[in-house]
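# Coordinate inspection notes
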Amino acid sequence: GDSVTQTEGLVTVTEGLPVKLNCTYQTTYLTIAFFWYVQYLNEAPQVLLRSSTDNKRTEHQGFHATLHKSSSSFHLQKSSAQLSDSALYYCALSGDNNRIFFGDGTQLVVKP
Amino acid sequence: EAAVTQSPRNKVAVTGGKVTLSCNQTNNHNNMYWYRQDTGHGLRLIHYSYGAGSTEKGDIPDGYKASRPSQENFSLILELATPSQTSVYFCASGDRLGTYEQYFGPGTRLTVL
């Protein structure tokens, strides 16, 4: 079946420094799209980025991710982390079975 | 105006009691989903639905039932609540076309004593 792996449960970074959240996946279905969801404290998860095109960079709110099907990866990056970026981030993929498969999430803490 | 709403937002229940969590969506999406969120486990799918009258088991359906009486409404039912079901529950809706992107409600915090 489909699965998403986020290797870091917690990432701590200093404000202004770059940050990278890792995401790899396995899929046996025809995968439709890949997502990064962000969840701020006491809020609902919401889509930050989405992509379905191999080797194409997708950007939103200063974050970017590039889908690499050759390495089954969809890492999330930002060149300069802000305090307001502190949140829980989920990598996810959707298949043709109407489901989205989520990773376990990475908690990002940006400290002054 | 929020497109996915949940009620109640907070609930305290007793062990062995019946709990019903409700979800309403105005996105006109065919698909709806129930997840629970626990630290260290992320979002886990309990039940989902392709449309009115249909329910499907997700990855952790034991101890839960679901009901989809209409396009807009999807309920999660705990017939005999247990402390292990203490969690935050999220409802989501998603279209059957496109990327299947899901839109989440604000969540219900359930505590079973």
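Our subject is the structure that appears above.
The following refers to the structure shown. (Residues numbered from 1 in each chain as written. Chains lettered and ligands numbered in written order. Predicted model: local features only at pLDDT ≥ 70, side-chain atom pairs only at ≥ 80, totals over all residues. Heavy atoms only, no water.)

### Side note on the interface of chain B and chain A
- Facing the 23 residues of chain B at the interface are 22 residues of chain A.
- Counting each side, the surface lost to burial between chain B and chain A is near 1,700 Å², with a carbon and sulfur contribution of 52%.
- Among the salt bridges present, the one from R99(A) reaches D59(B), with a minimum N-O distance of 2.7 Å.
- Counting the contacts that link chain B with chain A gives seven residue pairs in polar contact (both at pLDDT 80 or more).
- Of all the elements in the fold, those that place two or more residues in the side of chain B that touches chain A are β4 (31-38), β5 (42-49) and β10 (102-104) of chain B. (Contact = heavy atoms within 4.5 Å. Buried area = accessible area lost by both parts, 1.4 Å probe. Salt bridge = Lys/Arg side-chain N within 4 Å of Asp/Glu carboxyl O. Polar contact = N/O pair within 3.5 Å; in protein donor to acceptor, adjacent residues only side chain to side chain. Helix = DSSP H or I, 4+ residues; strand = E, 2+ residues; numbered from the N terminus.)

### Here's the deal with the pattern of salt bridges
- Summed over the entire model, instances satisfying the criterion amount to seven salt bridges over all chains.
- In this structure, R50(A) and E101(B) form a salt bridge, with 2.6 Å as the shortest nitrogen-oxygen distance. Taken as a pair, R50(A) in strand β6 (residues 46-51) and E101(B) in the loop between β9 (87-94) and β10 lie in two separate chains rather than in one.
- For E101(B), a relative accessible area of 9% translates into the label buried.
- The partner of D38(B) in a salt bridge is R44(B), with the nearest N and O atoms 2.9 Å apart.
- By relative accessible area, which is 24% here, R44(B) ends up partly exposed.
- Within the structure, one salt-bridge network assembled from shared partners comprises R36(B), D38(B) and R44(B). (Buried < 20%, exposed > 50% of the residue type's maximum accessible area, 1.4 Å probe, protein only.)

### Describing the sheet that holds strand β7 (residues 65-67) of chain B
Residues and elements named next belong to chain B.
- Strand order in the open sheet formed by four strands is β1-β3-β8-β7, with antiparallel pairing between adjacent strands. The open sheet has two edge strands, β1 (4-7) and β7, and neither has a second partner. Recorded for the sheet is a direction-independent mean angle of 20° between the axes of neighbouring strands.
- In the sheet, β7 pairs with strand β8 (residues 73-78) via three bridges, with the strands oriented antiparallel. Along β8, the bridge assignment pairs K65 with I77. (Pairing = 2+ DSSP bridges. Axes fitted to C-alpha atoms, helices over the stretch in contact; angles between N-to-C directions.)

### Notes on the state of the cysteines
- Under the definition given, this model contains two disulfides over all chains.
- Each sulfur of the disulfide joining C23(A) and C91(A) lies 1.9 Å from the other. Looking along the S-S bond of the C23(A)-C91(A) disulfide, the torsion reads about -65°, which is the left-handed sense. Residue C23(A) is found in the loop between β3 (19-21) and β4 (24-26), and its partner C91(A) is found in strand β10 (residues 87-95); the two are separated by 68 residues along the sequence. Neither C23(A) nor C91(A) differs from the other in exposure class; each is buried.
- Across the disulfide from C23(B) sits C91(B); the S-S distance is 1.9 Å. (Disulfide = S-S within 2.5 Å.)

### Comments concerning the nonpolar core
- Ranked by size, the top nonpolar core spans 25 residues in total, and within it W36(A), L48(A), F74(A), L76(A) and Y89(A) carry the most contacts.
- Of all the secondary-structure elements, those providing two or more residues to this core are β2 (10-14), β3, β5 (31-39), β6, β8 (63-66), β10 and β12 (106-111) of chain A.
- Among the elements that take part in this core, β10(A) stands out by supplying four residues, more than any other.
- Within the second largest apolar cluster, 19 residues are counted, among which are Y37(A), V47(A), F102(A) and Y33(B). (Core = buried A, V, L, I, M, F, W, Y, C linked by side-chain atoms within 4.5 Å.)

### Focus: the environment of Q26(A)
All names here are of chain A.
- If you trace the backbone, Q26 turns up in strand β4.
- Since its relative accessible area comes to 57%, Q26 is described here as exposed.
- Sequence-wise, Q26 and S3 are 23 residues apart; in three dimensions their C-alpha atoms are separated by 5.2 Å.
- Those residues within four positions of Q26 in sequence are excluded, and the remaining contacts are G1, D2, S3 and L93.

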